[in-house]
Amino acid sequence: MSVSHSARLAPFQPETVWTLKDGTLVETRGVRVRGFPLSALTRFRLAAAPSGGHRRVLQLSFGRARVIIIAQSYVGPGRVEDRLASFSAFARILAHHAADAAPAARFNLARIEARPALTWVAGFLAIGVVALLLSSLGAGMAGVGVDMAARMSFVLILLLAALPWLSRGDGFDPRDPPRDLLP
């Protein structure tokens, strides 16, 4: 039994078709075909837009290789086609088969609400570091400015180091994915 979902990811790309055949996820984009055995799956991450709506993204990790599957298809400039029905059916079947083939895989719901806020804070802190350095050099206090900028840069590095942990989401049962995300 083969199940498939298709979407056009970008304006100048051919339509991408994802098919589940005999325990293998096959991604076909034009003449390019890639296959990923479900037994090699390490992470199954489902994300939805924080504002709601029909935008859904499925990110699958097979070791170092990643596959992104989306629920919308690009139609034209500023226009997308909603394919949530086929995406939901495909993601449910894929999760069920992946749970059997890769019992060690992690099934997560992505939290994407905190990442933009932390990114903005880090950006403003980086601007503050540059402004502090420039103003201290202009005032003739380079030593104090470099010292303060180094401390602020350390805080900036800590903030950026926290970004990967913010994307970790809540786990879910792959045999019964959440109905609100996959109707």
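As shown above, the structure is provided for reference.
The shown structure was predicted, so the numbers you read here are calculated from the model rather than taken from an experiment.

Colleague: Please clarify how the overall build of the protein chain should be interpreted in this entry.
Modeller: Within the protein chain, the regular secondary structure consists of three helices and 11 strands. When its helices and strands are written in sequence order, the protein chain yields β-β-β-β-β-β-β-β-β-α-β-α-α-β. Residues classed as buried in the protein chain amount to 36% of the 183 residues present. When the accessible surface of the protein chain is split by element, carbon and sulfur atoms take 63% of a total near 10,500 Å².

Colleague: It is not clear to me how helix α1 (residues 84–101) should be interpreted in this structure. Could you clarify?
Modeller: Structurally, the α-helix is built with 3.6 residues per turn, so residues lying three or four positions apart point the same way. When the terminal C-alpha atoms of α1 are compared, their 25 Å separation across 18 residues agrees well with the 26 Å that a helix rising 1.5 Å per residue should span. Those residues of α1 lying buried are L84, F87, S88, F90, A91, R92, L94, A95, A98 and A99.

Colleague: Whenever I open this one, the packing of aromatic side chains confuses me. Can you help?
Modeller: Each pair of aromatic rings is reported with the distance of its centres and the angle of its planes. Under the criterion given, the structure shown has three aromatic pairs. Relative to F107, the ring of F44 has its centre 5.2 Å away and its plane inclined at 40 degrees; by these criteria the two rings are tilted. Of the two residues, F44 sits in strand β5 (residues 43–48) while F107 sits in strand β10 (residues 106–109), which places them 63 residues apart along the sequence. Accessibility classification places F44 together with F107 in one group, the buried group. Ring geometry for W120 and F124: centres 5.8 Å apart, planes at 35 degrees, overall tilted. On the criterion of helical spacing, the pair formed by W120 and F124 is a turn pair, its members being four residues apart in helix α2 (residues 114–138). According to the relative accessible area criterion, F124 is exposed, its value standing at 54%.

Colleague: Explain unusual backbone geometry here, please?
Modeller: For residues besides glycine, phi is generally negative; the peptide bonds are generally trans as well. In this model, D22 sits at a positive phi of 50 degrees, which is unusual for a non-glycine residue. Structurally, D22 is set in the loop between β2 (16–21) and β3 (24–29). Owing to a relative accessible area of 75%, D22 belongs among the exposed residues under this scheme.

Colleague: Please explain the environment of R83 as it appears in this structure.
Modeller: Within the element layout of this structure, R83 appears in the loop between β9 (79–82) and α1. On the basis of relative accessible area, R83 is assigned to the buried category, the value being 17%. When sequence neighbours within four positions are dropped, the list of residues in contact with R83 reads H5, S6, A7, E15, A71 and S73. Side-chain polar atoms of R83 contact the side chain of E15, separated by 2.9 Å.

Colleague: I'm lost on the side chain of T16 in this one. Help?
Modeller: Looking at where T16 falls in the secondary structure, it is placed in strand β2. Not counting residues up to four positions away in its chain, the partners in contact with T16 are H5, S6, A7, L9, E27, T28 and R29.

Colleague: Just to check I follow, could you spell out the pattern of salt bridges for this structure?
Modeller: It is possible for side chains of opposite charge to pair when their charged atoms get near one another. Applying the stated criterion across every chain yields a total of five salt bridges. Between E27 and R29 there is a salt bridge whose closest N-O contact spans 3.9 Å. Judged by its relative accessible area of 4%, E27 is buried. Its salt-bridge partner being E27, residue R34 comes within 2.7 Å of it at the nearest N-O pair. Judged by relative accessible area, R34 falls into the partly exposed class, the value being 25%. Through salt bridges that share partners, E15, E81 and R83 make up one connected network.

Each value, and the rule that gives it
Residues numbered from 1 in each chain as written. Predicted model: local features only at pLDDT ≥ 70, side-chain atom pairs only at ≥ 80, totals over all residues. Heavy atoms only, no water. Helix = DSSP H or I, 4+ residues; strand = E, 2+ residues; numbered from the N terminus. Buried < 20%, exposed > 50% of the residue type's maximum accessible area, 1.4 Å probe, protein only. Areas by Shrake-Rupley, 256 points an atom, 1.4 Å probe, with all protein chains shown as cover. Expected span 1.5 Å × (residues − 1). Phe/Tyr/Trp six-rings, centres within 6.5 Å; stacked < 30°, edge-to-face > 60°. Contact = heavy atoms within 4.5 Å. Polar contact = N/O pair within 3.5 Å; in protein donor to acceptor, adjacent residues only side chain to side chain. Salt bridge = Lys/Arg side-chain N within 4 Å of Asp/Glu carboxyl O.

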